[in-house]
Amino acid sequence: MRTALIAPADVDVPDIEPDFSAPFFQGFQVIASYILAGAMLVVLIMLIIAGAALAFRGLASDRVRTWAGENILWIFIAAAVLGAASGLFQWFVNFDFGF
């Protein structure tokens, strides 16, 4: 016995276009940009304090200089990671500080 495959000759498939206009998505972008901006400011202040403590001996106590010497590499790494995250965020969703 012979079986025949029945295939439709013409199928009309409409174009599908996703809708990315979720009303809460703009709020998520603003919140994420506030968090990134705040973290970048904190890391920048830490970097300035650590650099100044290491550069000028009489500016900070021995404890602050010890902290700066032990952690300045980690502060640089945090600044690089936050900078990369901010760049990716800007590239994907148009970075906005929210001001």
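Going by the structure above, here's the rest.
These lines cover the structure that appears in this document, whether it is placed above or below. Everything quoted here is computed from the prediction, not taken from an experiment. (Residues numbered from 1 in each chain as written. Predicted model: local features only at pLDDT ≥ 70, side-chain atom pairs only at ≥ 80, totals over all residues. Heavy atoms only, no water.)

Summing up its helical and strand segments, the chain has two helices and zero strands in all. The 99 residues of the chain split such that 16% are buried. Of the roughly 8,400 Å² of accessible surface on the chain, a fraction of 69% belongs to carbon and sulfur atoms. (Helix = DSSP H or I, 4+ residues; strand = E, 2+ residues; numbered from the N terminus. Buried < 20%, exposed > 50% of the residue type's maximum accessible area, 1.4 Å probe, protein only. Areas by Shrake-Rupley, 256 points an atom, 1.4 Å probe, with all protein chains shown as cover.)

The next point concerns the packing of helix 1 (residues 25-55) against helix 2 (residues 62-93). Their axes nearest at 8 Å, the elements helix 1 and helix 2 cross at an angle of 150°. In this view, helix 1 runs roughly antiparallel relative to helix 2, as classed from their interaxial angle. For the crossing formed where helix 1 meets helix 2, the hand is left-handed. Classifying every residue of the contact of helix 1 with helix 2 gives 23 nonpolar, five polar and one charged. (Axes fitted to C-alpha atoms, helices over the stretch in contact; angles between N-to-C directions. Parallel < 35°, antiparallel > 145°, perpendicular 65-115°, else oblique. Left-handed = near helix turned anticlockwise from the far one by under 90°. Nonpolar A, V, L, I, M, F, W, Y, C, P; charged D, E, K, R; others polar.)

This brings us to the nonpolar core. Counting residues in hydrophobic clusters, the biggest one holds 10 residues: Leu36, Val43, Ala50, Ala53, Ala60, Ala68, Ile72, Ile75, Leu82 and Phe89. Looking at this core, the elements that each hand over two or more residues are helix 1 and helix 2. (Core = buried A, V, L, I, M, F, W, Y, C linked by side-chain atoms within 4.5 Å.)

Next up on the list: helix 2. Counted at 1.5 Å a residue, the expected span for helix 2 with its 32 residues is 46 Å, and the 44 Å between its end C-alpha atoms agrees. At asparagine 71, helix 2 shows its largest bend, some 50°. Taken as a whole, helix 2 has its buried residues at Arg65, Ala68, Ile72, Ile75, Leu82, Ser86 and Phe89. The inward-facing, buried residues of helix 2 abut helix 1. (Expected span 1.5 Å × (residues − 1). Bend = angle between axes of the 7 residues up to and from the residue. Contact = heavy atoms within 4.5 Å.)

Before going further, it helps to examine a nonpolar patch on the surface. A surface patch of nonpolar side chains, about 540 Å² in accessible area, is lined by Phe24, Phe25, Phe28, Ile31 and Ile35. Its location among the elements puts phenylalanine 28 in helix 1. (Patch = residues over 30% accessible without salt bridge, like charges linked within 9 Å, V, L, I, M, F, W, Y side chains within 5 Å. Salt bridge = Lys/Arg side-chain N within 4 Å of Asp/Glu carboxyl O.)

By secondary structure assignment, the location of valine 93 is in helix 2. For valine 93, the contacting residues outside a window of four places in its chain are Phe25 and Gln29.

In this section: the side chain of arginine 65. By the secondary structure assignment, arginine 65 is in helix 2. Beyond its immediate stretch of four places on either side in the chain, arginine 65 contacts Ala53, Leu54, Arg57 and Ala60.

Moving on: helix 1. With 31 residues, helix 1 should reach 45 Å at 1.5 Å per residue; the first-to-last C-alpha distance of 44 Å fits that figure. Gln29, Ser33, Leu36, Ala37, Val43, Ala50 and Ala53 are the residues of helix 1 that are buried. Buried residues in helix 1 make contact with helix 2.

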